[in-house]
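# Fold and contact review
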Amino acid sequence: MRILVLGSGAREHAIVTALLREASLPGGAEHHVIAAPGNAGLAADVETVALDATNGAVVTEYALENDIELVIVGPEAPLVAGVADALRAHSIPVFGPGRRAAALEGSKTFAKRIMDEARVPTGRAVRTGTLQEATASLDEFGAPYVVKADGLAAGKGVLVTDDRDAALEHATYWLQHGSVLVEEFLEGEEVSLFLVSDGHTVVPLSPAQDFKRLLDGDAGPNTGGMGAYSPLPWLADRFGSEAEFVEEVIETIAVPTVRQLAKESTPFIGLLYAGLILTEQGIRVIEFNARFGDPETQVVLPRLETPLSGLLLAAANGSLASHPAPVFSDQAAVTVVLASEGYPDAPITGRALSGIDEALTVPGVSVAHAATARGENGLFATGGRVLSVVATGHGFAEARARAYEALSKIELEGGQYRHDIAEKVAR
Ligand code: AMP
Ligand code: GLY
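Remember, predicted model here, so these are calculated numbers, not experimental data.

Let us now look at the pattern of salt bridges. Applying the stated rule across the entire model yields 19 salt bridges. Glu405 serves as the salt-bridge partner of Lys409, at 3.9 Å between the closest nitrogen and oxygen. With a relative accessible area of 33%, Lys409 lands in the partly exposed category. We classify Glu405 as partly exposed; its relative accessible area is 40%. Among the charged side chains, a salt-bridge network with shared partners connects Lys108, Asp210, Lys212 and Glu287.

Structure below.
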């Protein structure tokens, strides 16, 4: 198949790696994969093309001229910009929801309304348009305070704090850009579950856990994600098995949400990312995203033992109900993100990056590039989250040891990473 992957992060590199690996799976095929715009790691593995991935007309023209048989949209920006709609209008199979369904991620108000209509369990929230309303809601809910920007905010829109002044300051800032949600604080383990949807049928992938805060011990600011692991062995203690947990999410969250969107003539065709929190009162949705999570993708896809492209194409074509269910290995997978100095507020870019080849000599290790480029003197970092080191192993102790050994070989001045990813499951 000729497959176009839109995006330039470690998530897209992990998707492309999974597509290329299909050639070695039983019944798998070789594909011609093109990444747009890509990064240095993607450019080393596949053809890359510098096009504006958020421009529907540009992407459609490229897909038509290059006989693309499937487009996989990585990030949220092209979805919210309507790129999937433009492709569908030309009957090009695309994995990713249209603009209106992508509002599930792009507008927290929209997501809350859909959840209310579908009776999906989530935290109570109040949408506020003025500082006065926000203040009243913060005082009503009490500490810890949860304040969220309504629209896309690249991981910077959410603040969870005990400091009332900081909550007010965050609300004041984001009110300049639109409305702000004040939400009830939820406590418990977080789980990211990817659900592949063709608009009607929902197929789950294996759960993962993401580490959102910058620093060890969940200290520091929220980020796009600093590491992840999969599967989640502790789910069995609470739900009997991973399968029983997944079944509950499908029944109480995924199917009602997908059904509600279909009812409103905005079918969700793509990856429904359920960000969940397991409270004492039950499973609650903290957020939906309309695309694969980053860095969770880096630990979920290496465990996939059946072809990814067939599954995503079946979703794009509306034939998931008759497609074989994906199968996952019981290997443990761990990923640790290497970020630039200053991330997330003001990452310092342009610094030399080396040692990746040495890192790749560690067994079970791969490196998913994100903000990397190749210059005259070799690789350099171009943004906040620079790359994800991914390791698999027989158990988390092995996977984790491999990931950190590989990371110790990579050099980036001022580079920062968490040291406690998957620590509690590796004991
Ligand atoms: P979000 O971007 O909505 O996923 O929020 C980022 C992170 O903030 C989540 O992964 C949680 O760790 C935290 N968070 C968001 N909403 C809540 C909430 N209602 N209660 C507690 N923590 C939250
Ligand atoms: N890892 C969180 C996200 O992709 O939004």
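Further remarks concern the nonpolar core. In this structure, Phe245 and Leu276 are the most contacted members of the largest nonpolar core, which totals 84 residues. Apart from residues no more than four positions distant in its own chain, Leu276 is found in contact with Glu189, Glu190, Val191, Leu193, Phe245, Val249, Ile253, Ile283, Arg284, Val285 and Ile286. One finds Val16, Leu19, Phe95 and Leu320 within the second-largest nonpolar core, a separate group that totals 34 residues.

In spatial order, the strands read 12-15-18-23-20; together these five strands make up an open sheet with antiparallel pairing. Of all strands in the sheet, those with a lone pairing partner are strand 12 (209-210) and strand 20 (365-369), marking the two edges. Where strand 15 (residues 227-230) and strand 18 (residues 332-339) come together, four bridges link them in antiparallel fashion. Following the sheet pairing, Ser230 is matched in strand 18 by Ala333. Each of strand 20 and strand 23 (385-393) is contacted by helix 1 (residues 10-21), which is oriented at about 130° to strand 20, the strand it contacts most.

We now examine the site of ligand 1. Taken together, 14 residues lie around ligand 1, and Glu183, Leu186, Glu190, Lys212 and Glu287 are the ones closest in. Glu184 has a polar backbone atom sitting 2.9 Å from a nitrogen atom of ligand 1. Elements that contribute at least two residues to the shell around ligand 1 include exactly strand 7 (145-149), strand 8 (158-161) and strand 17 (282-289). Per-class residue counts for the shell around ligand 1 are six nonpolar, one polar and seven charged.

This next bit is on the pairing of strand 16 (residues 269-279). Looking along a regular strand, one sees side chains alternate from face to face of the sheet. In terms of burial, strand 16 is largely enclosed, as 11 of its 11 residues are buried. As paired elements, strand 10 (residues 189-198) and strand 16 share 10 bridges and run antiparallel to each other. Each residue of the ladder has a partner; that of Leu195, found in strand 16, is Leu272. Looking at chain direction, strand 16 and strand 17 are connected through seven bridges and run antiparallel. Note that in strand 17 the partner of Leu278 across the bridge is Ile283. Hairpin connection from strand 16 to strand 17: two residues lie between these consecutive antiparallel strands.

Conventions we followed
- Residues numbered from 1 in each chain as written.
- Chains lettered and ligands numbered in written order.
- Predicted model: local features only at pLDDT ≥ 70, side-chain atom pairs only at ≥ 80, totals over all residues.
- Heavy atoms only, no water.
- Salt bridge = Lys/Arg side-chain N within 4 Å of Asp/Glu carboxyl O.
- Buried < 20%, exposed > 50% of the residue type's maximum accessible area, 1.4 Å probe, protein only.
- Core = buried A, V, L, I, M, F, W, Y, C linked by side-chain atoms within 4.5 Å.
- Contact = heavy atoms within 4.5 Å.
- Pairing = 2+ DSSP bridges.
- Helix = DSSP H or I, 4+ residues; strand = E, 2+ residues; numbered from the N terminus.
- Axes fitted to C-alpha atoms, helices over the stretch in contact; angles between N-to-C directions.
- Near = heavy atom within 4 Å.
- Polar contact = N/O pair within 3.5 Å; in protein donor to acceptor, adjacent residues only side chain to side chain.
- Nonpolar A, V, L, I, M, F, W, Y, C, P; charged D, E, K, R; others polar.

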